[in-house]
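What follows is each chain in one-letter form.
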Amino acid sequence: MGNTLSQEDISPAELDALWREPPYTLGGANEHFPGNDIMTQGAGEEEDVAIVISGEGTVEPDSYWKKRKEAFLRGSTVSLGDKFSSEIVLLFTGRRRSSADSDRTLQEALRTRLRVVESNSQDVIQLFKDLSARLVSVHAEKDSFVLTFKTVEEIWKFSTYLALGYVARCLENFLCDPSFWLDPELLNDLQISVTVDEEHLATLYLGLLLQEGSCFAKALFTRANNDEDEEQLSFQKNDLLVVRDTGQDDMWEGTLLTTGNHGMVPVTAMQPLPYPFYQWFLKKYPVYAGLCLKVLFLLPFTSLNASVTGSCVAVADYSPVGPDELPLSQGDVVEIQGLLLRSLGVFIGRHTSTGCRGFVQIVNPCSSELSDSGLLERLFSTDISSVYRLGKGMTGLDAFLPLYDLQYSFLWVTFSGKTEDELSGHLESVRECAKRMGMHWAHRRACFLLGRLCARKLKFSQARVYYEEALSVSVDSFSDVQLLVALFTNLTAIYLKQRMTDKLPQTLEKASALLLCLPCRSFTSTDEVELLKVLLRRSVVMVDKHLEARICYLMSTLFLLLKKSDDALPFVERLQFLSLTLSAADGQPIAPLDLNWLLSWLYHCKYMPYLALASLSLDSRQDHTLYNVFQRIELFIRNSVRLNPCWKEGTSLLPAQIVVYLQQTLAIAEREDDMKIQRDLCLGLASVYQQYGALDKALHCAQRAVEKGGHINEEEGFEASVLLGWLLVLTGQAEKAQSVLQPLLTSLQGTDSPTQRGVIHNLLALCLRRQGRIPEAGWHLHSALVISRENGNQRNQALALANLGCLALDTGASLIAERFLVRSMCLFWDLWESPTDEEHVQTYLWLGRSYKDRGRSQDIRACYEIGLLIALHAKNLHSQMVVAKVLSRLYADMLLYGQSIVYYEHCVSVSRELKDKRLEGEYLEKLSSLYLTLNDERSSRKSLDYTKQSLRISIDLGKKEEESETWLQVGRIYYLVYEDELADMYLQAAVKTALRMNDPHFAMSIYEEAGDVYFKGHRNRMASLPFYRDGSLPFARSIDDIHSEFRLLSKLTDLLINEKEHEEALQYATLAVQVARVSVNERSAYHRLATIYYSLEQYEMAENYYLKSLSLSPPVLQHPMEARYYTKVYCRLGNFTLHKLKVQGTQLQCCIGKDRESTFLK
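Residues numbered from 1 in each chain as written. Predicted model: local features only at pLDDT ≥ 70, side-chain atom pairs only at ≥ 80, totals over all residues. Heavy atoms only, no water.

**A short note on the overall build of the protein**
Then, in step 1: Helix and strand content of the protein: 51 helices and 17 strands.
Then, in step 2: As displayed, the protein offers around 51500 Å² of accessible surface, 51% of which is attributable to carbon and sulfur atoms. (Helix = DSSP H or I, 4+ residues; strand = E, 2+ residues; numbered from the N terminus. Areas by Shrake-Rupley, 256 points an atom, 1.4 Å probe, with all protein chains shown as cover.)

The structure is reproduced here in structure tokens:
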């Protein structure tokens, strides 16, 4: 027949309506991934073609895979013998969405963070392991990672994650520190893009394909039989082949999938399938030779677009040649039911005149009228607002639904109480009776059920006979579409299993149309996957992405229904990729469904936390309910715990990224106007901000929580007001805090809320203490203590007593403080199993402070050490850090450096557990200094080791000033251990680092200090000469630093005098005199110059400059040291005047006078 088809490209919304399950979820996804169940029972639970992919998972119009395909084709001549690098460079760039250019400050922050995490290489390795790549090296300064792959599967998975935006988002989660997540404006503006050399990736992929032995390729043109060369294989354009590299440059060995014939094929005639997903699919789901008939792969027509809806007009008469086909006369109008896919030769239509439905064969369609744009209205039309409703009952067809479902529920719903053998006998009797009495529907259904029972027992030949008989029964098949779908799909699946290629053409197209084109249908057999596999192969050959998307959707749904999440995952990933690429090509989303939400569940089940978090953060669905978003928060926490178990144990802060999810949840709660949840979320946000020290943001959230609670009732606003008061205390706004808390206390008078009154009394006491109003604070604490004692609340009693002890310490009453604190500790010991460790530890610290005021050193040590034991028992890292630091300082003050070292080493260990590099570096520096004070070879070596570790951290953190100073310190220590060559090397590194900074005065100080290491040392002092003479002195002149220049000239003079290099010393001493601008400097410069002349026996010059030096001295002596200086100078002057110059002894008399004045001053 011929028919005229009215068609247009189906709209994105219509396409989605045809192949989605309302409301925008994969069928079976919610059933099998319900959220809380998965969270508690998820598998693995504790129990220079360059492309740019952003963290949003977006694909540019000049798309990722298009470039991959082009690059792949350019590299299609690679053979096993070719030499190419197996490594690929992944570059990352930090950008702001508000600016087209990259942000240098942001990039440096990311670079610094990478240097920090790079030092713990296992974290970086695990990240890329989750991304299916092998990390070779990290180059923070080049903003790059070097990766490699060993298998095609690895490169396939990585390419998929790259295209979906997961690689960029994983790096964003990995490299952004808490400050980013706590700043919503900065976070919304932040974007990390990743770039790879796509040509090289394609070449690497092809090389791995060939190394694995074989790959699938498509013929680019037709090649006829060649009698002269029997080894060469003939093929048609678009044929699928398996090709294998045999080592020849221009020929591959190929095997046709359609026939199984094999032979040699030209490399130039083959296009290896560019998408790794295709290679994986065809290998995992192989097809036997002979099944891939032309009917499976030939394109029925090419004039239509991918997917069409609307109506068509028959241009010729058509008489059905098969069952359930629609008879047509020229001019008949046929309405398309569901969807018409261009790669199928059949669609389902309804005759507009008769209302009959059936299959319509497509031969040569042409457009004649506008398509029906009301597809959604027709598919989902309702009279809910205009017609009364009748009480819900079961319709006639609904009663038959258990016959068709995947679970064979008819065995216990429809025919309960019978065994399968008894049921088979019963159905056989029904079949015979229905056949005899002409009960066609009963006949068809009985045959279908008998076929299902046979297929269940793997008796496929017998099942096939029953199915064929059921289809032969003459009924209006489309009156029960579910049965029709079940019959065609089950029968076609058996034909495929039994390789009955002669019968396949009769059912394949119709089964495909029923399977693919009707929306919201149910699966009837696990064997439907066989039919879907064949159709997916067809989409590959025809390059029909819309058909591929529909099939991936159905395969994903079927596998999820069968609880085969591992099998579903590749199809869900592929569907998400197709959704992105087709949306980019069409300029708008093809569906409102964002599969990132489902993918995050699947990655969670596979214990892939980095990917779970990446896909979760990319979830852009707008239809989430509050229940959904709370599921997201729980899913985020569970995967974050996998990356940092400390969060689970409560020994560390919650991850800062939780702020993002809490804010998203708050937005939905505001949309749904749920005040209580809004209040709770604001309290949660305030708590997280408080934990990270972002007190201003915490204060803002607490104020919002007060407002939200006020809209509910007073009781709901109380907790928020208390938190607001506490935050005001923490931010130093004691008076404002009092103004918030005092009305609360007033409102509680006369109510049955003693605990709440006690809480307010305690907080008011803290406010008053901050204001210095000690008596009033004491009264409130006493009130809080009385209330807690009356209620038997031991914890609050302990806290009130501890606060009273601290208040007594503030007034200097250490003995009274001790009594309060000891009573508090006794109560805390009774609460040993309760989470009071931080408060318990703080009480011990205060008690130690009370002993310190009275010099009881042994008691102080005991208090601090018990506090540390409590923190260790509770695994509270923060408390451990605080107490260990206090103990270290205590022992250092007592000059017990060995014990001090022990506790600082514990601080280092805790810093590493917290992954706080800044703190770790600080404690390493302290350890280095302590080891140096022990002043022996072994301790100096230990100091050297810790200083080098600190140096590494300074480099990682990008703190150039600290880095330069640490290079300098390493040089000092090497000098102390007599390794001067290494000392010189590190000192030079300190200078070079300082010179790279834009701070000339700091560089000047480092230059000078490097020379001072030798100059102030006890040996090899001349090694300071290059640092002074060749480095720091010219540098001081270049920056016009007169003071530094004078100081350096003086040091050079002293150095050369000590080394008896008087002639050279004279030059520097003369220069020092010239640059001396201050009288003190001039006097010392003249004195040095005079000393040199004296050493050179030039006494007249020496006398001249000694006298100039004396002339710059103060006229009235202020200190005995000045008198001594005069005495020494005049003695020298008198000595060489008397003996060398032979002059009267005037100077000697002056010397005697000054000496007497000195005696008088003493």
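**Remarks on the confidence of the model for the protein**
Then, in step 1: Within the protein, residue pLDDT values average 80, and 83% of them lie at 70 or more.
Then, in step 2: Across the protein, element-level confidence peaks in helix α17 (residues 460–472) with a mean pLDDT of 94 and bottoms out in helix α14 (residues 375–379) with 30.
Then, in step 3: Every residue in residues 1–49 scores below 50 in pLDDT, and together they form 184 contacts with partners more than four places removed in sequence or on other chains.
Then, in step 4: Scored below 50 in pLDDT, residues 364–393 makes 51 contacts in the model with residues more than four places away or belonging to other chains. (pLDDT = per-residue confidence, 0-100. Contact = heavy atoms within 4.5 Å.)

**Here's the deal with the sheet that holds strand β7 (residues 215–219)**
Then, in step 1: Taken in spatial order, the five strands of this open sheet run β10-β9-β8-β7-β11, and their pairing is antiparallel. Each of the sheet's edge strands pairs with one partner strand only, and the pair in question is β10 (262–266) and β11 (270–272). Adjacent strand axes in the sheet meet at a mean angle of 45° when their direction is disregarded.
Then, in step 2: Across four bridges, the pairing between β7 and strand β8 (residues 240–245) is antiparallel. Of the residues in β8, the one forming a bridge with Phe216 is Val242.
Then, in step 3: Helix α12 (residues 276–284) rests against β7, β8 and β11 of the sheet, and its axis sits at about 110° to β7. (Pairing = 2+ DSSP bridges. Axes fitted to C-alpha atoms, helices over the stretch in contact; angles between N-to-C directions.)

**So, the environment of Leu944**
Then, in step 1: With respect to the helices and strands, Leu944 occurs in helix α41 (residues 937–957).
Then, in step 2: Residues Leu944 and Leu932 lie 12 residues apart in sequence; the distance between their C-alpha atoms is 8.9 Å.
Then, in step 3: Aside from chain neighbours lying at most four places away, what touches Leu944 is Val970, Ile973 and Tyr974.

**Here we look at the environment of Leu1133**
Then, in step 1: Mapped onto the elements, Leu1133 comes out in helix α50 (residues 1120–1141).
Then, in step 2: For Leu1133, a relative accessible area of 0% corresponds to the buried category.
Then, in step 3: Between the alpha carbons of Leu1133 and Ala1102 there is a distance of 8.6 Å; along the sequence they are 31 residues apart. (Buried < 20%, exposed > 50% of the residue type's maximum accessible area, 1.4 Å probe, protein only.)

**Focus on the pattern of salt bridges**
Then, in step 1: As enumerated under the stated definition, the model contains 54 salt bridges in all.
Then, in step 2: Residue Arg445 is joined to Asp480 by a salt bridge in which the shortest nitrogen-to-oxygen separation is 2.9 Å. Separated by 35 residues along the polypeptide, Arg445 in helix α16 (residues 440–456) and Asp480 in the loop between α17 and α18 (481–497) bring together distant segments of the chain. In this structure, Arg445 and Asp480 share a single accessibility class: buried.
Then, in step 3: Between Glu920 and Arg912 there is a salt bridge whose closest N-O contact spans 2.7 Å.
Then, in step 4: On the accessibility criterion, Glu920 (6% relative accessible area) is buried.
Then, in step 5: The network of salt bridges with common partners includes Glu108, Arg111, Arg115, Glu141 and Asp143. (Salt bridge = Lys/Arg side-chain N within 4 Å of Asp/Glu carboxyl O.)

**Describing a negative patch on the surface**
Then, in step 1: Together, Glu925, Glu961, Glu962 and Glu965 line one region of the surface with negative charge.
Then, in step 2: A per-element tally of the negative patch places helix α42 (residues 960–976) first, with three residues.
Then, in step 3: Secondary-structure assignment places Glu925 in helix α40 (residues 917–934).
Then, in step 4: The partly exposed category is assigned to Glu925, whose relative accessible area is 37%. (Patch = residues over 30% accessible without salt bridge, like charges linked within 9 Å, V, L, I, M, F, W, Y side chains within 5 Å. Lys, Arg positive; Asp, Glu negative; His and termini not counted. Charge placed at Lys NZ, Arg CZ, Asp CG, Glu CD.)

**Considerations on the nonpolar core**
It is characteristic of soluble globular proteins that their nonpolar side chains tend to be buried jointly.
Then, in step 1: Counting 209 residues, the largest nonpolar core has Leu90, Phe128, Phe145, Met270, Leu516 and Phe571 as its most contacted members.
Then, in step 2: Setting aside residues up to four positions removed in sequence, Leu90 forms contacts with Phe128, Asp143, Ser144, Phe145, Leu147, Phe158, Leu162, Val167, Leu171, Val194, Thr195 and Val196.
Then, in step 3: Listed in part, the 66 residues of the second largest apolar core include Ala1036, Leu1049, Tyr1068 and Ile1092. (Core = buried A, V, L, I, M, F, W, Y, C linked by side-chain atoms within 4.5 Å.)

**Quick look at the UniProt feature "repeat: TPR" (unreviewed entry) in the protein**
Then, in step 1: The UniProt record marks residues 1083–1116 with the feature "repeat: TPR" (unreviewed entry), using the residue numbering of this structure.
Then, in step 2: Secondary structure within residues 1083–1116 divides into 76% helix and 0% strand; the distance between the first and last C-alpha atoms comes to 16 Å. (UniProt positions renumbered as here; feature names shortened; annotations may be inferred.)

**Overview of the packing of aromatic side chains**
Then, in step 1: If you walk through the whole model with that rule in mind, you get 42 aromatic pairs.
Then, in step 2: The interplanar angle of 55° and the centroid separation of 4.9 Å between the aromatic rings of Phe128 and Phe145 together place this pair among those described as tilted. One end of the pair, Phe128, is in helix α6 (residues 121–130); the other, Phe145, is in strand β5 (residues 144–148), and 17 residues separate them in sequence.
Then, in step 3: Judged by its relative accessible area of 0%, Phe145 falls in the buried class.
Then, in step 4: When the ring of Phe277 is compared with that of Trp280, the centres are 5.7 Å apart and the planes differ by 40°; the resulting orientation is tilted. Here the residue Phe277 and the residue Trp280 both occupy positions in helix α12, the gap between them amounting to three residues, near one helical turn. (Phe/Tyr/Trp six-rings, centres within 6.5 Å; stacked < 30°, edge-to-face > 60°.)

**Overview of unusual backbone geometry**
Then, in step 1: Even without being glycine, Tyr408 reaches a positive phi, approximately 55°.
Then, in step 2: Here Tyr408 shows up in the loop between α14 and α15 (420–437).
Then, in step 3: Accessibility expressed as a relative area gives 16% for Tyr408, which makes it buried.
Then, in step 4: Positive phi, close to 60°, is recorded for Lys563, a residue that is not glycine.
Then, in step 5: Relative to the helices and strands, Lys563 is located in the loop between α21 (545–561) and α22 (565–586).

**Some points on the environment of Ile816**
Then, in step 1: Turning to its location among the elements, Ile816 is positioned in helix α35 (residues 814–830).
Then, in step 2: Taking C-alpha positions, Ile816 is 7.1 Å from Gly805, a pair spaced 11 residues apart along the chain.

**Structural notes on the pairing of strand β13 (residues 311–314)**
Residues in a regular strand point their side chains to alternate faces of the sheet.
Then, in step 1: Covered by surrounding structure in β13 are Ser311 and Val313 together with Cys312 and Ala314, the residues of both alternating faces.
Then, in step 2: Judged from the three bridges that link them, β13 and strand β14 (residues 333–336) form a sheet pairing that is antiparallel. What sits directly across from Cys312, in β14, is Val334.

**Remarks on the pairing of β14**
Then, in step 1: In the sheet, β14 pairs with strand β16 (residues 346–351) via three bridges, with the strands oriented antiparallel. In the sheet register, Val334 faces β16, and the bridge partner there is His351.

**Some remarks on the packing of α42 against helix α44 (residues 1000–1015)**
Then, in step 1: Where α42 contacts α44, the axes come no closer than 10 Å and their chain directions differ by 5°. In terms of orientation, α42 lies roughly parallel with respect to α44. For the pair formed by α42 and α44, the contact residues are Glu961, Ser964, Glu965, Leu968, Arg972 and Tyr975 on the first element and Phe1002, Ile1006, Glu1009, Ala1010, Val1013 and Tyr1014 on the second.
Then, in step 2: In terms of residue class, the contact of α42 with α44 is built from seven nonpolar, one polar and four charged. (Parallel < 35°, antiparallel > 145°, perpendicular 65-115°, else oblique. Nonpolar A, V, L, I, M, F, W, Y, C, P; charged D, E, K, R; others polar.)

**Some words on the packing of helix α8 (residues 166–175) against helix α24 (residues 609–618)**
Then, in step 1: Two elements in contact, α8 and α24, have axes whose closest approach is 9 Å; the angle formed by their N-to-C orientations is 100°. Between α8 and α24, the angle is such that the two are roughly perpendicular. Together, Tyr166, Arg169, Cys170, Asn173 and Phe174 of α8 and Tyr610, Leu611, Leu613, Ala614, Ser615, Ser617 and Leu618 of α24 make up the contact between the two elements.
Then, in step 2: Across the contact of α8 with α24, the residue classes tally to eight nonpolar, three polar and one charged.

**Side note on α18**
Then, in step 1: For α18, which comprises 17 residues, the first-to-last C-alpha distance of 24 Å matches the rise-based estimate of 24 Å (1.5 Å per residue) to within 8%.
Then, in step 2: Of all 17 residues making up α18, 15 are buried, and the element is well covered by its neighbours.
Then, in step 3: Note on α18: the residue one or two positions beyond its end, Arg499, has a positive phi of about 55°. (Expected span 1.5 Å × (residues − 1).)

**Comments concerning the side chain of His443**
Then, in step 1: Take His443: it is sitting in helix α16.
Then, in step 2: Here His443 falls in the buried class, since its relative accessible area comes to 9%.
Then, in step 3: Apart from residues lying up to four places away in sequence, His443 is in contact with Arg431, Ala434, Lys435, Glu469 and Val473.

**Focus on helix α7 (residues 152–163)**
Then, in step 1: In this model α7 runs 16 Å from its N-terminal to its C-terminal C-alpha over 12 residues, within 8% of the 16 Å that 1.5 Å per residue would give.
Then, in step 2: Most of α7 is tucked away, with 11 of its 12 residues classed as buried.
Then, in step 3: Taken residue by residue, α7 has Val152, Glu154, Ile155, Trp156, Lys157, Phe158, Ser159, Thr160, Tyr161, Leu162 and Ala163 as its buried positions.

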